[in-house]
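Observations on the three-dimensional arrangement
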Amino acid sequence: MRTYRRLLTVTGLAAAAIATAGLNTSAFAATTLTSGHVDVLDAEWDGADLHLHVHDEETDTEYEPADVALSVPAAAKVTNPGYGFLGSGSQIWLLPDTETEADAAGVLFAGVSTEHLSTGVFTNNNVNYQLVNATRNGAATEDFSIYAGSGVRWFDSNTATTSYKSRTYTVGSHNHANWAFEEAGTYQLTFRVQGTVGGVTESATAAYTVVVSS
């Protein structure tokens, strides 16, 4: 049985004080996930609203995105495979698309899941994930992408293009691809999941903190 955790986060005046002090708010995340199978984007429908959770498959625990920091250690660095959208650096930080590679490197095996959504609820049995915003160290970044296989982009934070900002998934599916970061730093990735129920558009939006270490 899955465990649900909703832990205290820094909000309101406290958050403002932290921002004023120039502190990294990710340091206040209640939980840091460093390795294992984790569905970062995990959509659920409670009969009235869509929700986004982070689902730790290792412990069958679900977290609110605001309560989690995802760690990408220096051990995640690999040789840049040379796809143009990954920039000109010789190395990137990679969360690979196979569990064998992720376990060997000791990094997260990051997933995109709709497996907790039932068929017959959403129009065409589809929902759409959208990359709404991406920052690194507080500024807009072009350094994040998710791609499958030999450079087939799913998402790309490059602000020079409007492409690769959304992708449709069949409900009841479980998906993995390569999560790539071109520079170290603290990323804030905002995603939205959206679907149509009975002619009404339903959505949920959440921000995820990813700490990429040099």
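For the structure, see preceding data.
Residues numbered from 1 in each chain as written. Predicted model: local features only at pLDDT ≥ 70, side-chain atom pairs only at ≥ 80, totals over all residues. Heavy atoms only, no water.

A short note on the environment of Ala 206
- In this fold, Ala 206 is placed in strand S18 (residues 200-212).
- Exposure remark for Ala 206: the relative accessible area of 12% places this residue in the buried category.
- Each C-alpha atom of the pair Ala 206 and His 53 lies 8.6 Å from the other, and the pair is 153 residues apart in sequence.
- Discounting residues that sit within four places of it in the chain, Ala 206 has contacts with Leu 52, Pro 65, Leu 189, Thr 190 and Phe 191. (Helix = DSSP H or I, 4+ residues; strand = E, 2+ residues; numbered from the N terminus. Buried < 20%, exposed > 50% of the residue type's maximum accessible area, 1.4 Å probe, protein only. Contact = heavy atoms within 4.5 Å.)

Points about the sheet that holds strand S13 (residues 152-156)
- Pairing is antiparallel in the open sheet, where five strands are placed in the order S7-S8-S16-S12-S13. Each having just a single partner strand, strand S7 (77-79) and S13 make up the two edges of the open sheet. The average angle at which neighbouring strand axes cross in this sheet is 40°, direction not considered.
- Of the strand pairs in this sheet, strand S12 (residues 144-148) and S13 are connected by four bridges, and their pairing is antiparallel. (Pairing = 2+ DSSP bridges. Axes fitted to C-alpha atoms, helices over the stretch in contact; angles between N-to-C directions.)

Things to note about the pattern of salt bridges
- In this structure the tally under the stated criterion is two salt bridges.
- Across the pair Asp 143 and Arg 136 runs a salt bridge whose closest N-O atoms are separated by 3.2 Å.
- For Asp 156, the salt bridge identified is with Arg 153, shortest N-O distance 2.8 Å.
- According to the relative accessible area criterion, Arg 153 is partly exposed, its value standing at 23%. (Salt bridge = Lys/Arg side-chain N within 4 Å of Asp/Glu carboxyl O.)

Looking at the pairing of strand S4 (residues 50-56)
- Within S4, six of the seven residues are buried, which leaves it mostly tucked inside the rest of the structure.
- Taken together, the six bridges between strand S3 (residues 36-45) and S4 define a ladder with antiparallel strand orientation. Bridge assignment links Glu 44 to a residue of S4, and that residue is His 51.
- Hairpin connection of S3 to S4: four residues between the antiparallel strands, including Gly 47 at a positive phi of 100°.
- Between S4 and strand S5 (residues 61-63), which pair antiparallel and follow one another directly, the connecting turn spans four residues, one of which, Asp 60, has a positive phi of 55°.

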